[in-house]
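# Observations on the model geometry
Residues per chain are reported as follows:
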Amino acid sequence: MRNVPPRRTRQRPTAMPVGKPLSRREMLAWLVSLSAVAAGGACSIGGLLAFLARRAESAALIPTITPQLTPNLTPTVPPLPPDVIPRSAWNALPPDHTAAEEFGFASAENPTGWFVYSGDLAAIYTTAVIHHSFPILRDGGTMRALQDIHRNTRQWADIGYHFGIDGAGKVYEGRDIRVRGASVAGYNTGSLGIVLMGNFEQEAPSSAQVVALQRLLYWLKGAYRLTHLAGHYEFNPTTVCPGRNMRPYIGILTESLGLQRGTGGYVPPKVQSQPVGATCC
Ligand SMILES: [Zn+2]
């Protein structure tokens, strides 16, 4: 019988808790476990390599994800991330191009109109901006309810965000990703808007929501070469969006995904002019 050397016990980061909303204590414990892993392996060359390997592992957190790189992504064929529920499945209304605040199609004379990007979307999107859906609450909040508010109250042509995540962690297609969003005043051109259902000044995001957001961002980072992650309040300081209970997760996700935090990546993109007859959506 061969001697089998004893297996070394690898120090692994604690997995992000799932199944219920994270308490501050659980979130802190998770963060501390990541830090402990990082600190534990950095005392030798071998240790450093192990540290780097573990850091990469902790950055992925969900190691089964394979990013689908699409370097020549064009607005004509934008793939949806995996497991995203399309607009048709939540009975989205088509855009209303008579909407008062987003009237018609953008032009030099009408810069706030509906703008369909042309060219490589990966050269346009640099920053994902996180929102909460206040006043729509986490449990039972729907994309259609948000769309109704944005169309009827805000007078926008469509829901303002490109993606939404409900309390159960389901991810939904929002505004067509080929179209400029309506969610970050003054910084919409080139910003990718993601909303989590909830009023996170009062309630907490569910762990399923945070994990789904991480998976979505991981895919978007690969597909669109995102470099930055920000909360809405960082662009527009007069808002508390996405709420005090969501803000700590933005830092954790930024670190775990190898992104940079804040507005520093935002450069108004050199977008090509509106295609003639831009009625893709
Ligand atoms: Zn917001």
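Right, let's walk through the structure included here.

## Structural notes on helix H6 (residues 247–256)
- Among the residues of H6, Tyr249, Ile250, Leu253 and Ser256 are the ones counted as buried. The buried residues of H6 occupy one face: seen down the axis, they fall within an arc of 135 degrees.
- After H6 finishes, the residue Gly258 shows a positive phi value of roughly 70 degrees.

## Some points on the environment of Ser206
- In this fold, Ser206 is placed in the loop between strand S5 (191–196) and helix H4 (207–224).
- In sequence terms Ser206 and Ala168 are 38 residues apart; their C-alpha atoms lie 7.5 Å from each other.

## Re the nonpolar core
- Core analysis: the biggest nonpolar cluster contains 52 residues, and Ala128, Ile194, Leu213 and Leu220 have the highest contact counts within it.
- Residue assignment for this core shows that the elements contributing at least two residues are strand S2 (127–132), helix H3 (143–152), strand S3 (163–165), strand S4 (171–173), S5, H4, strand S6 (228–231) and H6.
- When residues of this core are assigned to their parent elements, the largest contribution, 9 residues, is made by H4.
- With residues up to four places along the chain from it excluded, the contact list for Leu220 reads Pro81, Ala128, Leu192 and Leu226.

## Description of H3
- Taken together, the buried positions of H3 are Met143, Leu146, Gln147, His150 and Arg151. Buried positions in H3, seen along its axis, are confined to an arc of 125 degrees and lie on one side of it.
- Looking at the buried residues of H3, the elements they touch are S3, S4 and S5.

## A look at the environment of Gly169
- By the element assignment, Gly169 lies in the loop between S3 and S4.
- Taking the number of C-beta atoms within 10 Å as the measure of exposure, Gly169 has 19 and is therefore partly exposed.
- With 39 residues separating them along the chain, Gly169 and Ala208 place their C-alpha atoms 4.6 Å apart.
- Filtering out sequence-adjacent residues up to four positions away, Gly169 remains in contact with Ser206, Ala208, Gln209, Val211 and Ala212.

Rules of the game
Each chain carries its own residue numbering, running from 1 in the direction its sequence is written. Reporting in this predicted model follows two pLDDT cut-offs: at least 70 for local features of residues, and 80 or more for side-chain atom pairs to be given and counted; totals over whole chains, interfaces and linings ignore these cut-offs and use all residues. Partly exposed residues are those whose C-beta has more than 12 but fewer than 20 other C-beta atoms within 10 Å; with 20 or more the residue is buried, with 12 or fewer it is exposed, and the C-beta atoms are placed from the backbone. Think of it this way: any DSSP run of H or I at least four residues long counts as a helix, any run of E at least two long counts as a strand, and we number them from the N terminus. Here the arc refers to the directions that run from the helix axis out to each C-beta atom. Any set of buried Ala, Val, Leu, Ile, Met, Phe, Trp, Tyr and Cys residues joined through C-beta atoms within 7 Å is what this text calls a nonpolar core. Contacts are defined on C-beta atoms placed from the backbone: any two residues whose C-beta positions lie within 7 Å are in contact.

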